[in-house]
Amino acid sequence: MKINGTLISYFFVCKTKLWLHANRINLEDNSEDVRIGKVLHEINKDKIDEVSFDSIKVDKITKDYVVEVKKSDSDIESAKWQLLLYLYKLKKIGVVKKGKLEVFEKRKQNKKVHFIELSKEKEQELEMIINEIENHIDNPIPPKPIKKSICKKCAYFEYCFI
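A short tour of the structure in this document, coming up. No experiment lies behind these values; they were computed from the predicted model shown.

### Things to note about unusual backbone geometry
Turning to step 1, where the next piece is worked out: A positive phi angle, close to 65 degrees, is found at Arg24, a residue other than glycine.
Turning to step 2, where the next piece is worked out: Turning to its location among the elements, Arg24 is positioned in the loop between α2 (15-22) and α3 (32-43).
Turning to step 3, where the next piece is worked out: Arg24 gets classed as exposed once you look at its relative accessible area, which sits at 67%.
Turning to step 4, where the next piece is worked out: Phi is positive for Ser55, which is not a glycine, with a value near 70 degrees.
Turning to step 5, where the next piece is worked out: You can see Ser55 is positioned in the loop between β1 (51-53) and β2 (56-58).

Pasting the structure below:
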């Protein structure tokens, strides 16, 4: 399976969710957060020029930036790594850009825009993360869920805990 932005994000959020999604057990069609994200993209489609390549979708590519748009900053770390994956995949085909992460709602951070660059160190770390993801999803059984405060909002909550 090709590693995409969703898998990178789930790696940081929950290894069980990562495994389930990667193994085609998708319970997100009923998720309110997923619906909100789709509505935000729909509302802003005149501002978002989604570009697809190599199993990923980026919200926009400008002269200098790959732009990723998120509903909130509640999961900013996984969003940054998702954007780093896009920069990495573009670099592999000869397109070198910087990253720009735009957030609609500020909750935990002080900024609505975060600028990201793919350094050599981040690139090496990303390659290790990709290897870890591949190891997780190749496992024949999912990892045991770890209950966190974010679980209650997760589309996989009932699968994991009920």
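Moving on from the model shown.
### Some details on the pattern of salt bridges
Between side chains of opposite charge, a pair can form as their charged atoms come close.
Turning to step 1, where the next piece is worked out: Considering all chains together, one arrives at six salt bridges under this definition.
Turning to step 2, where the next piece is worked out: Where Glu68 meets Lys70, a salt bridge forms, and the shortest distance between an N and an O atom there is 3.3 Å.
Turning to step 3, where the next piece is worked out: Between Glu123 and Lys91 there is a salt bridge, with its nearest N and O atoms 2.7 Å apart. Placement of Glu123 in helix α5 (residues 120-138) and of Lys91 in helix α4 (residues 76-92) is noted, with a sequence separation of 32 residues between them.
Turning to step 4, where the next piece is worked out: A relative accessible area of 11% means that Glu123 is categorised as buried.

Conventions we followed
Residues numbered from 1 in each chain as written. Predicted model: local features only at pLDDT ≥ 70, side-chain atom pairs only at ≥ 80, totals over all residues. Heavy atoms only, no water. Helix = DSSP H or I, 4+ residues; strand = E, 2+ residues; numbered from the N terminus. Buried < 20%, exposed > 50% of the residue type's maximum accessible area, 1.4 Å probe, protein only. Salt bridge = Lys/Arg side-chain N within 4 Å of Asp/Glu carboxyl O.

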